[in-house]
Amino acid sequence: MKLRPLVASLALTVACAANTHAGPGKHHAAPASFQHIATFDVTRNRVTVGANEIVSEVAEIVDVTKDGRTLVYTDSASHLIGFVDISDPAKPAPDGVVLLDGEPTSVAVHGRYALAGVNTSTRAEVYCADDDEDIGFITDWRGKLVVIDIATRQVVAEMPMGGQPDSVAVSPDGRYAAVVIENERNEDVAGGLIPQGAITDTTDPCDLTASGAPVPGKLVVVALRGMPQQWKSRDVDLTGLPGMFAASDPEPEFVDINRANMAVVSLQENNHIAIVDLRSAKVVKSFTAGDVELRNVDTVEDDLIKLDSDIVKRREPDAVTWIGQGLFATANEGDYEDASGEEGGSRGFTVFNMAGKVKYESHEAFEHLLVSAGHYNEGRSENKGVEPEAVEFGRYGRDDLLFVGSERSNAVAVYRMHGARPVLQQLLPTGIGPEGLKAIPRRKLFVAATETDVFDAGIPTMINIFQRREGLGNYPQIVSADDANGLPIPWVALSDLAADPIDPHTLYAVSDSFLAKGYIYTIDVSDKPALITARLEVQSADALDLEGVAVGPDGSFWLGSEGQTPGGRENLVLKVDPADGTVLERIELPADLIDERRGNGIEGIAVTGTPGNELVYVAIQRAWPKEGDDDKLNTKIGRFEVSSDTWSFVHYPLEAEQEGDWIGLSGITAMPNGTFWVIERDKGWGDSTAPNAELKAIFEVDLAAAQFRPYGTPLETVGKTLVRNLTDTIAANSVWTAEKLEGFAISADQQLYAVTDNDGVDDAPGETVFLFLGDAASFGDD
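Rules used throughout
- Along each chain, the written sequence defines residue order, and numbers are assigned to residues from 1.
- For a predicted model such as this one, the threshold for reporting local features is a pLDDT of at least 70, and the threshold for listing and counting side-chain atom pairs is 80 or more; totals across whole chains, interfaces and linings nevertheless cover every residue.
- Each side-chain value is derived from all of the structure's non-hydrogen atoms; neither hydrogens nor water enter the calculation.
- Labels follow the DSSP assignment, with helices taken as runs of H or I lasting at least four residues and strands as runs of E lasting at least two, numbered in each case from the N terminus.
- For this measure, only C-alpha atoms enter the radius of gyration; the expected value for a globule follows 2.2 Å times N^0.38, where N is the number of residues.
- Partly exposed residues are those whose accessible area sits between 20% and 50% of the maximum for their type, while under 20% is buried and over 50% is exposed, using a 1.4 Å probe and protein chains only.
- Working rule for contacts: check all heavy atoms of both residues, and any pair within 4.5 Å makes them a contact.
- One bridge is not enough; two strands pair if DSSP finds at least two bridges between them.
- Orientation is described by axes fitted as lines to C-alpha atoms, over the contacting stretch for helices, and by angles from 0 to 180 degrees between their N-to-C directions.
- Aromatic pairing here means that ring centres of Phe, Tyr or Trp (its six-membered ring) are within 6.5 Å. Orientation follows from the plane angle: under 30 degrees is stacked, over 60 is edge-to-face, and everything else is tilted.
- Residues enter a nonpolar core if they are buried and are Ala, Val, Leu, Ile, Met, Phe, Trp, Tyr or Cys, with the set joined through side-chain atoms within 4.5 Å.

Chemist: Any chance you could break down the overall build of the protein chain for me, citing the residues and the numbers?
Modeler: Scanning the protein chain from terminus to terminus reveals four helices and 54 strands. Expected size for 782 residues packed as a compact globule is a radius of gyration near 28 Å; at 28 Å, the protein chain falls within 12% of this value. Overall, the C-alpha framework of the protein chain stretches about 85 × 65 × 55 Å when taken along its three principal axes. Per-residue burial over the protein chain gives 61% buried out of 782 residues. Here the analysis covers contacts within the protein chain between residues at least 6 apart in sequence; of these, 56% occur between residues at least 24 apart.

Written out as structure tokens, the structure is:
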């Protein structure tokens with residue numbers, strides 16, 4: 001087993017949060033690290049206009065006032081600029097909004113003003129019979145720079161920009177603002193290729209032959225002299241730059257300015273970079289961003305994370321940030337498919353000097369880091385992988401820190417820069433789709449704004465606030481080591497835990513149906529973070545949704561696989577050889593019970609007894625009421641006697657449904673005193689401001705004294721005792737309280753562990769909360 005260089009670095013800078021007990025094993029010296037202190041749900045920002053309440057929906061680009069006490073963010077969906085009071089950064093508060101008459105795409109603070117780029121382009125829509133769909137397209141690229149007085153929240157000036165703004169930056173000395181005018185292509189017209197002709201109301205975009213000359217993007221330099229009404233602007237022509245493959249259609253994307261008033265501009269679709277002297281408003285250098293060779297990445301969306309492809313991709317950078325005056329970094333997201341159908345985006349980041357020479361290239365290391373942390377979104381494999389979209393730089397004391405955000409893996413990597421060489425310090429969780437990153441060194445803060453929500457599930461877009469403190473960070477809490485080929489062991493969606501009966505530092509986990517195959521993971525918990533050291537594939541022809549794992553008295557694994565409604569996947573109990581994953585026994589539920597099954601089936605497994613005389617217990621997640629039966633509270637715990645090949649059952653009384661939707665079982669563990677502890681949880685996500693996550697609890701049941709009976713006969717309802725509700729503990733160790741507490745284990749030395757399922761980063765924040773809960777003897781005391 002080997003630790004990858006980046007993961008080894010990460011392992012030295014993470015540990016459990018202060019509110020959980022110190023874990024067993026050795027510890028490292030505590031460097032400074034970013035620790036999550038607050039999450040702001042942007043829907044808390046709202047304003048009443050007449051009879052209507054307008055609620056902030058998203059947070060995209062974020063900046064901060066000069067005193068570091070107010071965040072300013074864009075919300076293009078709601079056409080507003082939002083404000084967040086971070087006077088106490090641990091208790092961010094809604095601080096109002098300013099409504100605009102267009103889509104704010106970027107914002108930058110200049111003294112007492114917020115400068116917002118606002119897109120007011122005109123759009124049309126037409127039905128295309130060949131595609132059998134409506135095509136929306138821009139007919140007139142328009143926009144303006146809106147100047148907002150932060151104190152009064154009034155718009156004090158507007159400057160027409162002659163096109164569609166996409167990025168705004170203010171120079172460190174406050175002399176200039178630079179506004180990227182993208183004039184983005186119509187992606188549904190002419191195959192989305194550039195250069196693209198202008199579209200008018202009379203153009204038929206369905207024939208893919210849009211006529212006319214392109215409306216080229218540009219950079220606008222604003223001299224910030226005097227009052228906003230007196231500001232003057234100059235255009236910087238970005239067409240015709242050597243090496244662009246669409247020289248008449250530059251489509252600039254992002255801008256950043258250094259202390260020498262040099263702006264670096266990314267031209268994403270052209271895979272190009274320009275350096276602009278703001279004093280002269282002239283391009284002084286431009287060059288292609290180039291290609292990157294990637295090895296051992298996943299390029300096939302087959303519900304498996306297979307690091308087996310070698311590819312070469314155009315960088316196509318999105319965000320750029322200066323690192324001092326002579327170096328800058330690019331986030332190589334990719335956003336363009338050329339005429340051959342080849343997409344750009346090199347899944348990492350690059351450090352360039354001003355001459356265009358690559359001083360550092362991450363290659364596949366950034367993506368491998370996210371695989372190791374369980375943050376890889378397999379559903380993006382055929383596209384652009386982890387899609388690094390954002391980069392930010394800040395000097396904290398003597399440390400030059402680079403932040404790189406992954407849009408599709410919901411995390412920000414923090415690197416300490418040694419010249420042009422980055423060294424990994426941390427990985428920070430963010431919520432879904434981080435886009436806006438802001439370093440606030442004077443207050444030792446860093447914030448990340450996310451642009452994606454899953455409203456129905458209770459996951460909003462959010463701004464997460466981190467503070468740099470002495471001590472170890474709290475994330476990730478579990479990572480994977482290298483396999484025999486030197487690649488990170490892929491994992492996501494851990495759905496149960498079990499302890500090795502002999503080795504107190506070894507646990508086992510399984511992953512659920514997010515992956516197309518079933519896997520058993522070996523976890524070393526002797527240090528922080530916990531380390532996945534091996535992965536065993538279950539050799540089964542059945543479709544599996546592994547939700548339970550236990551170790552039998554002969555050392556075999558016993559697995560519980562959750563089924564579906566009739567006609568779908570079966571609920572199964574499997575006995576598996578730990579040497580090679582071979583299925584030794586396959587056990588189904590009783591036939592009469594199978595006929596009544598619902599989608600929430602076997603969700604945990606525990607085993608007692610001796611070899612050949614095992615008692616296998618399974619938790620059925622929710623009640624399976626018969627036709628016309630409205631009993632949703634009495635689910636079942638089943639017991640299979642291996643020696644007699646028979647099933648019997650008891651009823652388990654679930655808590656009444658709460659704000660967090662339905663309640664169900666998510667695990668069962670045999671305890672040394674002969675009782676069983678079960679996980680009972682709701683479906684809620686959230687934090688203290690949106691408390692629909694209320695029940696993530698451990699209950700104790702005495703199954704040894706219970707009367708198990710065959711299904712179809714009246715069943716005994718067992719009693720239960722609350723041991724502890726872990727909702728607050730999970731909340732304290734995550735940016736947004738996870739829905740699925742799904743694994744719990746007691747080790748050979750009586751230490752307790754728990755884990756949440758990250759849903760494979762699919763429409764979920766992607767955090768895996770791996771908790772060390774201390775000694776079993778004192779666990780129920782809190």
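Chemist: So what's going on with the sheet that holds strand β16 (residues 218-223)? Which residues, and what values?
Modeler: If you trace the four strands from one edge of the open sheet to the other, you get β14-β15-β16-β17, paired in antiparallel fashion. Of all the strands in the sheet, the pair left with one neighbour each is β14 (165-170) and β17 (232-237). Looking at each pair of strands side by side, their axes are set apart by 20 degrees on average, direction ignored. With six bridges connecting them, β16 and β17 associate as antiparallel partners. Note that in β17 the partner of Ala223 across the bridge is Lys232.

Chemist: Please give an account of the environment of Thr288 that cites residues and values.
Modeler: Relative to the helices and strands, Thr288 resides in strand β21 (residues 282-288). Overall, Thr288 belongs to the partly exposed group, its relative accessible area being 43%. When the C-alpha positions of Thr288 and Pro242 are compared, they lie 8.5 Å apart, and in sequence the two are 46 residues distant. Filtering out sequence-adjacent residues up to four positions away, Thr288 remains in contact with Asn271 and His272.

Chemist: Quick rundown of the packing of aromatic side chains? Include the residues and the values.
Modeler: Applying the stated criterion across every chain yields a total of 27 aromatic pairs. Their ring planes at 25 degrees and their centres at 6.4 Å tell us that Phe287 and Phe328 sit as a pair that is stacked. Here Phe328 lies in strand β25 (residues 327-331) and Phe287 lies in strand β21, a separation of 41 residues in the sequence. The pair formed by Phe287 and Phe328 is uniform in burial state, with each residue classed as buried. Where Phe403 meets Phe446, the ring centres are 4.1 Å apart and the plane angle is 5 degrees; that geometry is what we call stacked. With Phe403 in strand β29 (residues 399-406) and Phe446 in strand β33 (residues 445-450), this pair connects stretches of sequence that are 43 residues apart. A relative accessible area of 0% means that Phe403 is categorised as buried.

Chemist: Give a description of the nonpolar core that names residues and reports values.
Modeler: Among soluble globular proteins, nonpolar side chains are generally buried collectively. By size, the foremost hydrophobic cluster in this structure holds 52 residues, and its most contacted members are Tyr415, Leu497, Leu507, Ile523 and Phe770. Those residues in contact with Leu507, other than ones at most four positions away along the chain, are Leu497, Ala498, Ala499, Tyr521, Thr522, Ile523, Val525, Ala745, Tyr753 and Phe770. Counting residues in hydrophobic clusters, the runner-up holds 39 residues, among them Phe446, Phe466, Ile698 and Leu752.

Chemist: Mind laying out the sheet that holds strand β52 (residues 741-746), listing which residues take part and the relevant values?
Modeler: The strand order across the open sheet formed by three strands is β52-β53-β54, and the pairing between neighbours is antiparallel. Each of the sheet's edge strands pairs with one partner strand only, and the pair in question is β52 and β54 (770-775). Averaged over all pairs of adjacent strands, the angle between strand axes in this sheet comes to 20 degrees, irrespective of strand direction.

Chemist: Which residues make up the pairing of β52, and what are the values?
Modeler: Every regular strand shows the same layout, with side chains that alternate between the two sheet faces. Counted residue by residue, β52 has six buried out of six residues, so it is predominantly covered. Bridge count between β52 and strand β53 (residues 751-756): five bridges; the pairing is antiparallel. Pairing of Phe744 across the sheet is with Ala754, part of β53.

Chemist: Hey, could you go over unusual backbone geometry for me, with residue numbers and the actual values?
Modeler: Omega for the peptide link from Ile194 to Pro195 comes to 0 degrees, which places this bond in the cis form. Its location among the elements puts Pro195 in the loop between β15 (176-181) and β16. With a phi close to 60 degrees, Asn296 is a non-glycine residue in the positive phi region. Secondary-structure assignment places Asn296 in strand β22 (residues 291-297). On the accessibility criterion, Asn296 (27% relative accessible area) is partly exposed. Residue Glu387 is not a glycine yet carries a positive backbone phi of 50 degrees.

Bear in mind that shape data such as this cannot, by itself, settle questions of function.
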